[in-house]
Every structure is written in structure tokens, then in C-alpha cells.
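# Observations on the model geometry
Each chain, written out:
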Amino acid sequence: MKKRFLSSVSSGDEPGGASRVRRRALLGTALLAVLVILSGLGAYLTRDGRSKSKVPAQQSSSPPVSPSGTGSSAPKAGSRAVLPVPPSTHDPIVFGKAAAVALWSYDTRASSQPELLASLHTWLTGEAKYADAASVDRLVASPVLWGRMADNGQYATATVNEGHFPEAFTRALQADPGALTTAYVYAVTVSGKQTIAWTGSPAGGAENRVITLAVQCRPSQPCALAGVLPAVAP
């Protein structure tokens, strides 16, 4: 029953402020040039600030991300976790894999929900018009649910199987190679596995995960996260 906490996570409806809607619209516009035929993108451009993401709600947290972005490990109970730090890379797939690990890993024993959110926000691009923080925040447990999970010492680790550009993204980019040169936002789909555990059940259970991320990689600066797409692009 405790394990079910994870699958029921929802951070609640977010206020539909004009600035949030504008950021999402701009992010969608940047992606539209290369993702025009991806299913679900239209909904991403038009949904209001109170709509739910179609991505399964997951939490991310404190386990450190490995340099390769392929795994993480949980600290011992009572220790202070090393919150995930974005890698310095110009490769959108390498960055996307590391970001997926960060989004799928958490440890309620070693960090608070606000600490986790603050850490994940450091992964976002500094260009506010392309940064969709709300799409990241929705993958984190609400403060109330985080407290319930913490009561049971719940944590999760993650490993990545592979990352790739979605097929539709590749086709669109081949048709118009210059489409990226405005925002330099790439779509990256990552698959992997999340292992959930809690006090009294260190073995936990593993579940397959897949996510499509919007990753900004300008030639003059390292990659950063723009947002999480509401639907997985194969």
C-alpha cells in the first residue's frame, strides 16, 4: 500500500497566470518548427495553466546523478543528500539522460520538497521565455504527499537505458535544418527504470519509465532543460 503513494502523486492544479501561459506558448512555438507532426504537441500549445500533464507523475530528488547520466544511488537514512547537478555538456542526448535520472530519483529521508524543487529549477534554461518550470514541478510530490512519503522513508533511484531524438523530430530537422537556429530546443526521449523503496522494504520494486524532454543547447553555452512534454514521442 505504501508503494501506491508514488503512483497517486499529483501536485494539484496550478494557477493559470498569464506569464506561465506565455512561457508555455513560447516553448511550444520553439518546438513547433521541428515537432510539428508529434502527437500531443497541439495540446501542449493550447492547454491552460490548470490542465494536467499527460506524463505519468513521478518525483525526483536527492540521489546524485552519475557523470554518464545512467544511474543514481540513494544516501543512507539520516544523511544529507547531494541534490542532482546538471552536467556541463553540449550534447542534448547526454543532458536529457541525466535530466531523466534527476526527475525519476528522489529521497524523502534526506531532502525536503522545497529543496528538491529548487534543485530541479537549476536545470532549467535561464531564458525565461523558454523555461517551463510548471511542467517540471508537476512531477514532484505536493508538500502534503511528500510528508506522507517521508513518514515511511520513501525514496527512489533510477537508471537510464537509452536516449534518442524522436523519429518525427529527426524527419522534421532533416526537412528544415535551419529550424533550430532560433531557440536551439531539441526533443529528447529517454527510457529507463525507476526503483522505489521505503523503510522496511529496501528492495522495493522497479518500473519502466519513458519521458520526452525539451532540451535547449545553444552553441555558446551548455545544455539546459526547457521543459517536459505532456506526451511521449517515440
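Residues numbered from 1 in each chain as written. Predicted model: local features only at pLDDT ≥ 70, side-chain atom pairs only at ≥ 80, totals over all residues. Heavy atoms only, no water.

### Structural notes on the sheet that holds strand 4 (residues 201–216)
Our working definition: For two strands to count as paired, DSSP must find a minimum of two bridges between them. Secondary structure counts use DSSP, requiring at least four H or I residues in a row for a helix and at least two E residues in a row for a strand, with both numbered from the N terminus. Two residues form a contact once any of their heavy atoms are found within 4.5 Å. Every angle, taken between N-to-C directions, lies between 0 and 180 degrees, and every axis is a line fitted to C-alpha atoms, over only the stretch in contact when it is a helix.
Spatial strand order, 1-2-3-4-5: five strands in an open sheet with antiparallel pairing. Of all the strands in the sheet, the pair left with one neighbour each is strand 1 (106–107) and strand 5 (224–228). Its contacts with the sheet put helix 4 (residues 92–104) on strand 1, strand 2 (155–164), strand 3 (185–198), strand 4 and strand 5, and the angle it makes with strand 4 is roughly 140°.

### A few points about the pairing of strand 3
Selection criterion: Remark: exposure states derive from per-residue accessible area (1.4 Å probe, protein chains only) relative to the maximum for the residue type, with buried under 20%, exposed over 50%, and partly exposed in between.
Counting buried residues in strand 3 gives twelve out of 14 residues, a clear majority hidden from the surface. Direction of pairing for strand 2 relative to strand 3: antiparallel, over a ladder of nine bridges. Note that in strand 3 the partner of A158 across the bridge is Q194. As paired elements, strand 3 and strand 4 share 13 bridges and run antiparallel to each other. When the bridges of strand 4 are listed, T189 appears paired with T212. Remark: two residues form the turn of the hairpin made by strand 3 and strand 4, two consecutive strands paired antiparallel; G200 in that turn has positive phi of roughly 90°.

### Let's talk about unusual backbone geometry
Backbone geometry places Y184, a non-glycine residue, at a positive phi of 55°. Mapped onto the elements of the fold, Y184 is located in the loop between helix 8 (167–175) and strand 3.

### Examining the pattern of salt bridges
Formally: Any Lys or Arg side-chain nitrogen found within 4 Å of a carboxyl oxygen on Asp or Glu counts as a salt bridge.
Taken as a whole and assessed by the stated rule, the structure comprises four salt bridges. D107 is the salt-bridge partner of R109, the closest N and O atoms lying 2.7 Å from each other. A residue is classified by how much of its surface remains accessible, and R109, at 24% relative accessible area, is partly exposed. Across the pair E207 and R209 runs a salt bridge, and its minimum N-O distance is 2.5 Å. When its relative accessible area of 27% is taken as the criterion, E207 is described as partly exposed.

### Description of helix 8
For the record, the criterion: In this context, the arc is that of the directions from the helix axis out to the C-beta atoms.
Listed in full, the buried residues belonging to helix 8 are A168, F169 and A172. All buried residues of helix 8 fall inside an arc of 100° around its axis, so they share one side. Residues of helix 8 that are exposed and point over 90 degrees away from its buried face: E167 and Q174.

### Quick look at helix 4
For clarity, the cut-off: The length a helix should cover is 1.5 Å for every residue beyond the first. Polar contacts, as used here, are pairs of N or O atoms within 3.5 Å; protein pairs need one atom able to donate a hydrogen and one able to accept it. Residues neighboring in sequence count only if both atoms are side-chain atoms.
With 13 residues, helix 4 extends 18 Å between its outermost C-alpha atoms, agreeing within 8% with the 18 Å of an ideal straight helix rising 1.5 Å per residue. By the burial criterion, the buried members of helix 4 are P92, F95, G96, K97, A98, A99, A100, V101, A102, L103 and W104. Capping of helix 4 at its N-terminal end is provided by D91; its side-chain oxygen lies 2.9 Å from the backbone amide nitrogen of I93.

### A word on the environment of T89
Relative to the helices and strands, T89 resides in the loop between helix 3 (41–46) and helix 4. T89 gets classed as buried once you look at its relative accessible area, which sits at 12%. Each C-alpha atom, one on T89 and one on Q221, is 8.6 Å from the other, the two residues being 132 residues apart in sequence. Apart from the residues within four sequence positions on either side, T89 is in contact with V94, F95, P222 and C223.

### Thoughts on the state of the cysteines
Quick note on the threshold: Note on disulfides: each one is a pair of cysteine sulfur atoms within 2.5 Å.
One pass over the full model with this rule turns up one disulfide. A sulfur-sulfur distance of 1.9 Å marks the disulfide that ties C217 to C223. Because the torsion about its S-S bond is 115°, the bridge between C217 and C223 counts as right-handed.

### Regarding the nonpolar core
Defined as follows: Take the buried Ala, Val, Leu, Ile, Met, Phe, Trp, Tyr and Cys residues and link them wherever side-chain atoms come within 4.5 Å; each set so joined is a nonpolar core.
One finds L103, I211 and L213 to be the most contacted residues of the largest nonpolar core, which totals 41 residues. Of all the secondary structure elements, the ones that give two or more residues to this core are helix 4, helix 5 (113–121), helix 6 (133–137), helix 7 (143–151), strand 2, strand 3, strand 4 and strand 5. For this core, the element with the most residues is helix 4, which contributes eight residues.

### Side note on the pairing of strand 5
With five of its five residues buried, strand 5 lies for the most part within the structure. Where strand 4 and strand 5 come together, four bridges link them in antiparallel fashion. Opposite L213, over in strand 5, you have V228 as the bridge partner.

### So, the packing of aromatic side chains
For the record, the criterion: Each Phe, Tyr or Trp ring (for Trp, its six-membered ring) is paired with any other whose centre lies within 6.5 Å, and the angle between the two planes then decides the class: stacked below 30 degrees, edge-to-face above 60, tilted in between.
Evaluation of the coordinates by the stated rule reveals five aromatic pairs. Centre to centre, the rings of F165 and Y186 are 5.9 Å apart; their planes meet at 25°, and the pair counts as stacked. Taken together, the residues F165 in the loop between strand 2 and helix 8 and Y186 in strand 3 connect sequence positions 21 residues apart. Among the residues examined, Y186 registers a relative accessible area of 16% and is labelled buried.

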